[in-house]
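This is what each chain is made of:
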Amino acid sequence: MVSFELVLPNGTITTVDASTPELFFGLKGAGNKLGVVTQFVLKVDRVAPSVTRSNLILYFLHQTYPQGLVNGGITAYGPDQLAALAAATTNFQETNRDPNAQIITTFNGIEYINTAILIQFYNGAVPPPGTFDSFKDVTPVLDISLVKTQTFASFIEGTPSNLSSGARYLCRTGGLRLGHEADKRVLCRGSFHTVSVTKLSKPLMDQVLNQSAHYNSLGNLRSGTFISYDIEPFLVDTYFDTATDSAFEHSSKNPWIPLNIYFAWILEADDEYFHQALLDTAAILEATAKANGDDTAGKPLYPNYAIGSTPVGRLFGANLPKLQRLVDEYDPTRVMGLAGGFQL
């Protein structure tokens, strides 16, 4: 990040860069609490190979910094392959050392059926032999895979990225529940939560499968429509190597990777139930990781995934007092608090 154009809460337009280090620090991770960013300048050596749900940003990067062909796409798996896929995901995280190779494994539940999707990506037209061999013995549904060499824009358009945290969005629900006609589009509610870990141990992955099956079953007894546990096995040893001083506390000295949990439901009356379910399942996964040698203590939670009730200390850690002083200075009446988000 080189600079931001920022409209401060008092209406002043200013440029924020290394010459204004405190604001520069705050804008890198504090969300909307210091004003409205209207422009920004990036310095990019290459398009970042790690793929997250921030697909809009990735698409912008592609449009601004065109690259050649990439190799990737999605592969779907049925209930009988979930354990094998979980083991393959752990193996990939333990053995992959190529920063151009990345995956996201999503364990999903809908209408009592547990399935999975593997999003595979290689930052180049052809992956080196063996790059994704961890998955060669996991059988996809109908032996169908959409992994192919394509443009980066085409890859982005082919990945599922239409989930909205904490908001209502259109979804489909079957005709046997809640009296809706089959395939009728209804307004759903949804929220994310997250756990920060440093490794994907077998007990942790087994627990992910247990939790996804458990809450898919329970959710269907209420107005649940969809659940997803997303595993993002980044290269934890190098993930934060280019990190700079920022409000979101992350450092190569204390690396971790986020697990992303998503629940969707229909009825407002079920908000409290699913909110608590997200907290409970995250706590179980965090405890499982800790019991298997993963020191989760002190690891911040990724703000883009964390549920809205998360204490801000879990997001910003030791940076919180500095952030609060910045907000006191630039937004003493908390104008930006009206825009929602985590309150500092």
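Residues numbered from 1 in each chain as written. Predicted model: local features only at pLDDT ≥ 70, side-chain atom pairs only at ≥ 80, totals over all residues. Heavy atoms only, no water.

Trainee: In this structure, what is going on with the overall build of the protein chain? I would like to understand it.
Mentor: A count of helical and extended segments in the protein chain gives eight helices and eleven strands. Per-residue burial for the protein chain yields a buried fraction of 47% across its 344 residues. The long-range share in the protein chain, meaning contacts at least 24 apart out of those at least 6 apart in sequence, stands at 74%. With the model as given, the accessible surface of the protein chain reaches about 16400 Å², and the carbon-plus-sulfur share is 56%. (Helix = DSSP H or I, 4+ residues; strand = E, 2+ residues; numbered from the N terminus. Buried < 20%, exposed > 50% of the residue type's maximum accessible area, 1.4 Å probe, protein only. Contact = heavy atoms within 4.5 Å. Areas by Shrake-Rupley, 256 points an atom, 1.4 Å probe, with all protein chains shown as cover.)

Trainee: Sorry if this is basic, but what is going on with unusual backbone geometry here?
Mentor: Generally, phi is negative for residues other than glycine and the peptide bonds are trans, each holding for most cases. Within the chain, Glu111 stands out as a residue other than glycine whose phi angle is a positive 50°. Among the secondary structure elements, Glu111 is positioned in the loop between strand E5 (101–110) and strand E6 (113–122). Exposure remark for Glu111: the relative accessible area of 31% places this residue in the partly exposed category. One non-glycine residue, Tyr112, lies in positive phi territory at about 70°. Position of Tyr112 relative to the elements: it lies in the loop between E5 and E6.

Trainee: Teacher, can you tell me more about the side chain of Lys299 here?
Mentor: Tracing the backbone through its elements, the reader meets Lys299 in the loop between helix H6 (271–291) and helix H7 (312–316). The buried charged residue Lys299 lacks any salt bridge, with Asp295 as its nearest oppositely charged partner at 5.0 Å. Residue contacts for Lys299: discarding those within four places in its chain leaves Ser196, Thr198, Asn254, Pro255, Trp256 and Arg314. (Lys, Arg positive; Asp, Glu negative; His and termini not counted. Salt bridge = Lys/Arg side-chain N within 4 Å of Asp/Glu carboxyl O.)

Trainee: Help me out: how do you make sense of helix H3 (residues 82–95) in this one?
Mentor: Side chains that are three or four residues apart share a direction in an α-helix, a result of its 3.6 residues per turn. Between the first and last C-alpha of H3 there are 20 Å, a value that for 14 residues agrees with the 20 Å anticipated at 1.5 Å per step. Listed in full, the buried residues belonging to H3 are Leu82, Leu85, Ala86, Ala88, Thr89, Thr90, Phe92 and Gln93. (Expected span 1.5 Å × (residues − 1).)

Trainee: When you look at the pattern of salt bridges in this model, what are you seeing that I'm missing?
Mentor: Opposite charge on two side chains makes pairing possible when the charged atoms of those side chains draw close. Enumeration over the complete set of coordinates arrives at five salt bridges. Close ionic contact of Asp328 with Arg334 constitutes a salt bridge, the shortest N to O distance being 2.7 Å. What makes Arg334 partly exposed here is its relative accessible area of 29%.

Trainee: What am I meant to see in the sheet that holds strand E2 (residues 13–16) here?
Mentor: Sheet strands associate in pairs through backbone hydrogen bonding, adopting either a parallel or an antiparallel arrangement. Pairing is antiparallel in the open sheet, where three strands are placed in the order E2-E1-E3. On the outer flanks of this sheet lie E2 and strand E3 (36–41), each paired with one strand and no other. Here the strands of the sheet are splayed against their neighbours by 20° on average, with no regard to which way each runs. Examined bridge by bridge, strand E1 (residues 3–7) and E3 share five bridges and lie antiparallel to one another. Across the sheet, residue Phe4 finds its bridge partner in E3, namely Phe40. (Pairing = 2+ DSSP bridges. Axes fitted to C-alpha atoms, helices over the stretch in contact; angles between N-to-C directions.)

Trainee: Hey, could you run me through a nonpolar patch on the surface in this one?
Mentor: Together, Val141, Leu142, Ile144 and Leu146 give the surface a local cluster of nonpolar side chains, amounting to about 400 Å² of exposed area. Assessed through its relative accessible area of 51%, Leu146 is described here as exposed. (Patch = residues over 30% accessible without salt bridge, like charges linked within 9 Å, V, L, I, M, F, W, Y side chains within 5 Å.)

Trainee: Even after reading the chapter, I still don't get the environment of Pro303, so can you show me in this structure?
Mentor: Tracing the sequence through the fold places Pro303 in the loop between H6 and H7. The exposure class assigned to Pro303 is buried, which follows from its relative accessible area of 17%. Beyond its immediate stretch of four places on either side in the chain, Pro303 contacts Phe248, Leu315 and Phe342.

Trainee: What should I look at first to understand the pairing of strand E10 (residues 224–231) in this one?
Mentor: The side chains of a regular strand alternate, residue by residue, between the two faces of the sheet. Of all the eight residues making up E10, seven are buried; the element is thus mostly covered by neighbouring parts of the structure. Sheet analysis places E5 next to E10, joined by five bridges and oriented antiparallel. Residue pairing in the sheet places Thr106 in a bridge with Asp230 of E10. Two strands pair when backbone bridges link them, and E10 and strand E11 (residues 257–265) are joined in this way by seven bridges, in the antiparallel orientation. The residue bridging Phe226 from the neighbouring strand is Ala264, located in E11.

Trainee: Honestly, the nonpolar core in this entry has me stumped. Any pointers?
Mentor: By size, the foremost hydrophobic cluster in this structure holds 40 residues, and its most contacted members are Phe107, Phe135, Val197, Leu200, Tyr229, Ile261 and Phe263. Secondary-structure elements contributing two or more residues to this core are H3, E5, E6, strand E9 (184–197), helix H5 (202–220), E10, E11 and H6. Tallying contributions element by element places H6 first for this core, with six residues. Residues within four places of Val197 in sequence aside, it is in contact with Leu204, Trp256, Ile257, Leu259, Ala289 and Asp294. Of all hydrophobic cores here, the second largest spans 22 residues; its members include Ala30, Ala247, Ala306 and Leu326. (Core = buried A, V, L, I, M, F, W, Y, C linked by side-chain atoms within 4.5 Å.)

Trainee: Before we go on, may I ask you to explain the confidence of the model for the protein chain in this structure?
Mentor: Low-confidence regions, as indicated by low pLDDT, have predicted coordinates that should not be scrutinised in detail. Averaged over all residues, the pLDDT of the protein chain equals 85, while 85% of them reach at least 70. Note on residues 47–56: pLDDT under 50 across the span, and 35 contacts to partners over four residues away in sequence or across chains. Counting interchain partners and residues more than four positions distant, the pLDDT-below-50 stretch residues 172–183 has 27 contacts. (pLDDT = per-residue confidence, 0-100.)

Trainee: Just to check I follow, could you spell out the pairing of strand E4 (residues 70–77) for this structure?
Mentor: Most of E4 sits out of view: seven of its eight residues are buried. As paired strands, E4 and strand E7 (residues 148–150) are joined by three bridges and run antiparallel to one another. In the sheet register, Asn71 faces E7, and the bridge partner there is Thr149. Examined bridge by bridge, E4 and E6 share seven bridges and lie antiparallel to one another. Counted as the bridge partner of Gly72 is Phe121 from E6.

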